[in-house]
Amino acid sequence: MATLITRWLLSILLVNVPNCFAPAPPAAPSLPDCYIPCDEKNNCADIHCRWDPSLDPQIPTNYSLHWEPAKNEEGHVINGTSLSGIIHRKHFSHGELHVWVLAKNQHGSTSSQKAMYITHDIMKLPPPNITWSFQDTLEVEWAFSCDELQISLGHCDVRYRTEADQVWAEEESGLHGYTFDSPQPCTVYEFQVRCSCAKGLPSDWSAIYRIQSLEAAPIGELDVWMDCGMSQAPSNCFLTWKRLPISQACGLILGYEVRLSYSNYAEVLVNLSTSEPGGQLVCSETQCRFNSSIKAISTASVSAYNTHGATEPSYLAVPIPGKWKNEQAIHLKMNKENLTVSWDEPSQLSDNLKEYVVQYKQAGCPPGQGFDWVKVNKNHTVGILKGQYKKNTPYQVSLFTISHSSKVHHLSSVIGYSLEGTPSKVQSFKVFSIADTHVTLLWKPVPLSMQNGVILYYQFIVDQVNGQKVHNVSASPPEENMTFKLHGLSPGQNYEVRIRAVTSAGPGENATVNFKTNLNEILVLPIPLLVGFISVVLICFLVILSCSFVSANFCHGENKACPLVPTFLYEKVPDARNSHILKHMMYQANDQLACICIPVNEPHPEISVLEVLEIQPCADRLTRPVVGDGCFEMEDDQREEAVTEECHRTDHRYGREEYSKMLDSDEEKDREEGWSSEEDEQPTSGYEKHFMPSALEVQVA
């Protein structure tokens with residue numbers, strides 16, 4: 001049941017909806033407003049009419065202007081689509097005239113009401129011209145006449161306002177002049193006048209005429225700042241200020257006084273006259289510049305003067321030059337006519353803060369051009385600069401603070417564009433270093449004047465066997481030369497890499513470099529060279545080994561040297577002349593495995609330092625078996641021969657004597673003191689006397 005009711009309601013709605021939006025004829029236009037304009041020669045001829053549609057038509061509408069004399073003579077019509085029309089003089093006669101407008105579209109037509117005009121009463125003379133003014137009493141005069149029309153002069157109206165005010169004050173005045181009562185001193189006033197004849201319509205308002213009240217000393221202070229270009233180098237900074245508006249100049253500005261204070265406390269006063277432009281003073285329509293660098297200047301002040309006085313000096317403390325750091329993030333909104341800069345309030349806001357300064361500088365412009373600034377109250381965080389900003393052109397926007405002591409501190413600088421485009425091609429792109437699996441690429445960033453936008457990143461495109469790889473490398477911080485290391489390459493392969501800069505408008509043109517990676521280092525050496533190197537190493541090893549065997553077989557003679565044996569194979573033995581045997585030294589005399597030990601290092605901490613001599617190794621030494629403590633094991637007969645052969649002969653080359661003939665200094669001392677024993681009287685070899693302790697020494701120990 002509910003479904004049937006719903007369908008019934010929908011059918012009724014569909015039947016009635018077309019009736020609600022049925023096409024209709026256009027709305028009736030307004031009553032036509034007609035007049036006869038006269039030129040400066042008082043030539044009055046055609047009738048000009050204009051009207052307004054009562055509603056904005058949604059359907060194309062044609063309008064036609066109709067008129068007829070009041071005596072029902074034949075009427076005329078002008079067709080068109082505009083909202084104005086002209087009735088030419090030949091199509092009407094002077095007297096009473098009825099005028100109306102007809103609006104027509106594809107669904108019908110509608111007519112406005114008829115307006116009745118008398119042609120002599122709708123004449124409109126041109127506005128008067130203000131020809132003279134007097135500053136002392138703020139008086140103006142103008143010229144207006146109705147004589148050529150043979151009509152008497154009616155009346156004139158005057159309206160005025162100050163330059164800073166947008167509201168007009170209107171008064172009726174005399175026919176040829178007006179005197180303003182009680183003007184404010186040093187104020188610019190704007191005047192307009194309109195007049196009418198005894199018959200006809202009032203004229204339009206005249207052009208705005210400006211006049212300043214009596215001159216006085218200029219008021220206020222100059223807005224002083226500095227133009228340092230894009231580099232911010234102190235040698236490029238120039239003192240700059242904005243010209244006073246007429247309302248503050250209070251007359252003709254004759255010049256400026258600039259006082260410069262240097263870091264050595266010296267002061268210089270410079271008088272810049274406006275009558276001599278092109279020297280140290282350079283002025284445009286809105287700004288003036290002291291055309292000398294402010295390098296080495298600590299503070300500066302500027303004041304403007306006229307015949308009645310001067311403004312208060314405006315001070316500025318020149319910041320210490322150095323590399324700027326972005327301490328505060330700023331945000332830009334920029335179009336062709338407006339630059340809006342916003343920022344967050346600094347976290348550490350100084351109580352001495354007076355105001356912010358927002359400035360912009362167009363890249364590539366000399367001092368005094370493409371430069372402007374605005375000062376913002378410390379309680380606000382938005383600055384707006386109006387101008388004509390070129391598209392694809394970089395502007396450096398900077399934010400500063402000024403303290404009550406006139407000190408300047410830089411907060412941040414960014415590059416902005418009114419409209420961004422694609423960047424230019426990277427001019428310098430090459431291979432810096434190359435290896436087997438990686439390569440280092442070097443390029444120079446696109447110059448600022450050719451970026452056409454803020455470069456977001458540089459894009460590398462590498463064509464490989466397994467496909468194309470893309471790497472995005474950040475464009476900040478910008479450096480003179482930028483590098484990128486490309487990994488994951490194959491040894492000995494040819495590659496092509498393309499680079500392009502990318503802005504918000506898209507990527508720029510590609511720059512290309514081709515290279516071939518190196519082979520692995522082990523494969524780089526030629527095979528013959530590698531074989532030759534290994535052969536030389538083997539030959540050297542065999543020569544050393546053969547020399548060792550030869551020396552073992554042939555070096556048995558006394559004092560024979562083996563020149564082919566390297567010195568590191570020589571044995572180290574003590575020189576008997578410098579040996580020092582301690583009293584408490586113990587010797588295992590009855591050891592069955594007695595051996596000749598030639599220690600490299602004497603283990604006793606109190607042993608005397610011996611002179612170490614290198615002697616040739618002999619075959620019997622190299623071939624004897626070695627026991628665990630590093631000694632050569634020998635039979636008793638062999639040991640006796642070895643002691644006799646090695647220890648009883650004199651080496652004349654090194655001045656050695658037989659051990660049996662040498663007496664240790666401690667032994668001699670002991671004998672003098674009466675130390676003796678039966679072992680001392682027993683026959684012993686010189687070696688034993690010199691190195692072996694006696695039985696008494698062992699017992700005492």
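Residues numbered from 1 in each chain as written. Predicted model: local features only at pLDDT ≥ 70, side-chain atom pairs only at ≥ 80, totals over all residues. Heavy atoms only, no water.

Trainee: I'd like a description of the overall build of the protein chain, backed by residues and values.
Mentor: Helix and strand counts for the protein chain stand at 10 helices and 44 strands. Within the protein chain, buried positions represent 35% of all 701 residues. Taking all contacts inside the protein chain whose residues are at least 6 apart in sequence as the whole, residues at least 24 apart take part in 64%. Roughly 42200 Å² of accessible area belongs to the protein chain as shown, and the carbon and sulfur atoms make up 53% of that amount. (Helix = DSSP H or I, 4+ residues; strand = E, 2+ residues; numbered from the N terminus. Buried < 20%, exposed > 50% of the residue type's maximum accessible area, 1.4 Å probe, protein only. Contact = heavy atoms within 4.5 Å. Areas by Shrake-Rupley, 256 points an atom, 1.4 Å probe, with all protein chains shown as cover.)

Trainee: Report on the state of the cysteines, specifying residues and quantitative values.
Mentor: Two cysteines joined by a covalent bond between their sulfur atoms form a disulfide. Under the defined criterion, the tally for this structure stands at 7 disulfides. Note on cysteine connectivity: Cys38 is disulfide-linked to Cys44, with sulfurs 1.6 Å apart. Classification of the bridge connecting Cys38 and Cys44 rests on its S-S torsion, roughly 115°, and on that basis the disulfide is right-handed. On the accessibility criterion, Cys44 (23% relative accessible area) is partly exposed. What pairs with Cys156 in a disulfide is Cys195, and their sulfur atoms sit 1.9 Å apart. An S-S torsion of about 110° defines the bridge between Cys156 and Cys195 as right-handed. On the criterion of sequence distance, the pair formed by Cys156 in strand S12 (residues 153-162) and Cys195 in strand S15 (residues 188-197) is long-range, its members being 39 residues apart. Of the two residues, Cys156 and Cys195, neither departs from the other in class, the shared state being buried. (Disulfide = S-S within 2.5 Å.)

Trainee: Summarise the pattern of salt bridges; cite the residues concerned and give the values.
Mentor: Considering all chains together, one arrives at 13 salt bridges under this definition. For Asp33, the salt bridge goes to Arg50, with nearest N and O atoms at 3.8 Å. You can see Asp33 sitting in strand S1 (residues 33-37) and its partner Arg50 sitting in strand S2 (residues 47-50), a full 17 residues away along the chain. The salt bridge partner of Glu190 is Arg161, with a shortest N-O separation of 2.8 Å. (Salt bridge = Lys/Arg side-chain N within 4 Å of Asp/Glu carboxyl O.)

Trainee: Account for unusual backbone geometry, with residues named and values stated.
Mentor: Negative phi characterises most residues that are not glycine, and trans characterises most peptide bonds. With omega at 0°, the peptide bond leading from Ser476 into Pro477 counts as cis. Relative to the elements of secondary structure, Pro477 occurs in the loop between strand S36 (467-474) and strand S37 (482-486). Look at Cys250: it is not a glycine, yet its phi comes out positive at around 55°. Tracing the backbone shows Cys250 in the loop between helix H2 (246-249) and strand S19 (255-262).

Trainee: Give a detailed account of the pairing of S15, specifying residues and quantitative values.
Mentor: Within S15, 9 of the 10 residues are buried, which leaves it mostly tucked inside the rest of the structure. Where S15 lies against strand S16 (residues 209-212), 4 bridges are found, and the strand directions are antiparallel. Directly across from Val188, in S16, lies its bridge partner Gln212. (Pairing = 2+ DSSP bridges.)

Trainee: Please set out the confidence of the model for the protein chain residue by residue, giving values where relevant.
Mentor: In the predicted model, the protein chain carries a mean pLDDT of 77, and the fraction of residues at 70 or more is 70%. Across residues 554-562 the pLDDT falls below 50, and counting only partners more than four positions away or on other chains, this stretch makes 17 contacts in the model. (pLDDT = per-residue confidence, 0-100.)

Trainee: Explain the side chain of Ser303 to me, and be specific about the residues and the numbers.
Mentor: Within the secondary structure, Ser303 is located in strand S23 (residues 297-306). For Ser303, the contacting residues outside a window of four places in its chain are Leu222, Gly255, Tyr256, Glu257, Thr311, Glu312 and Pro313.

Trainee: Kindly report on the sheet that holds strand S29 (residues 371-377), identifying the contributing residues and their values.
Mentor: Ordered by their spatial adjacency, 4 strands build an open sheet running S29-S28-S31-S32, and the pairing between neighbours is antiparallel. Of all strands in the sheet, those bounded by a partner on one side alone are S29 and strand S32 (408-416). Neighbour to neighbour, the strand axes of the sheet diverge by 20° on average, direction disregarded. Bridging between strand S31 (residues 395-403) and S32 involves 8 bridges; their strand directions are antiparallel. (Axes fitted to C-alpha atoms, helices over the stretch in contact; angles between N-to-C directions.)

Trainee: Let's hear about the sheet that holds strand S27 (residues 338-343): which residues, and what values?
Mentor: The antiparallel open sheet is built from 3 strands, whose spatial order is S26-S27-S30. Bordering the open sheet on either side are strand S26 (330-334) and strand S30 (382-386), each of which pairs with just one other strand. Each strand axis lies, on average, 15° off the axis of its neighbour in the sheet, ignoring direction. Pairing analysis gives 5 bridges linking S27 to S30, with the strands arranged antiparallel. Residue pairing across strands places Asn338 opposite Lys386, the latter belonging to S30.

Trainee: I'd like a description of the pairing of S36, backed by residues and values.
Mentor: Strand direction decides the pairing type here: strand S35 (residues 457-464) and S36, joined by 8 bridges, are antiparallel. Looking across to S36, one finds that Tyr457 is bridged to Ser474. Following S35, the chain reverses through 2 residues before pairing antiparallel with S36.

Trainee: Tell me about the packing of aromatic side chains, and name the residues and values.
Mentor: One pass over the full model with this rule turns up 18 aromatic pairs. Ring geometry for Phe429 and Phe460: centres 6.1 Å apart, planes at 55°, overall tilted. Of this pair, Phe429 sits in strand S33 (residues 429-434) while Phe460 is found in strand S35, placing the two residues 31 residues apart along the sequence. For Phe429, a relative accessible area of 11% translates into the label buried. We note Arg159 situated over the ring of Trp205; from NZ or CZ to the ring centre the distance is 4.4 Å. (Phe/Tyr/Trp six-rings, centres within 6.5 Å; stacked < 30°, edge-to-face > 60°. Lys NZ or Arg CZ within 6 Å of the ring centre and 35° of its normal.)

Trainee: Any chance you could break down the nonpolar core for me, citing the residues and the numbers?
Mentor: With 38 residues, the main nonpolar core has Ile47, Leu65, Ile87, Val99, Trp142, Tyr178 and Phe191 as its most contacted residues. Those elements that place two or more of their residues in this core are S1, S2, strand S3 (62-69), strand S6 (96-105), strand S8 (115-118), strand S11 (139-143), S12 and S15. Among the elements that take part in this core, S15 stands out by supplying 5 residues, more than any other. Here Ile47 is in contact with Cys34, Tyr35, Ile36, Gly85, Ile86, Ile87, Phe92, Leu97, Thr119 and Ile122, once residues within four sequence places are set aside. Counting 32 residues, the second-largest nonpolar core is a separate cluster that includes Trp225, Tyr256, Val357 and Phe371. (Core = buried A, V, L, I, M, F, W, Y, C linked by side-chain atoms within 4.5 Å.)

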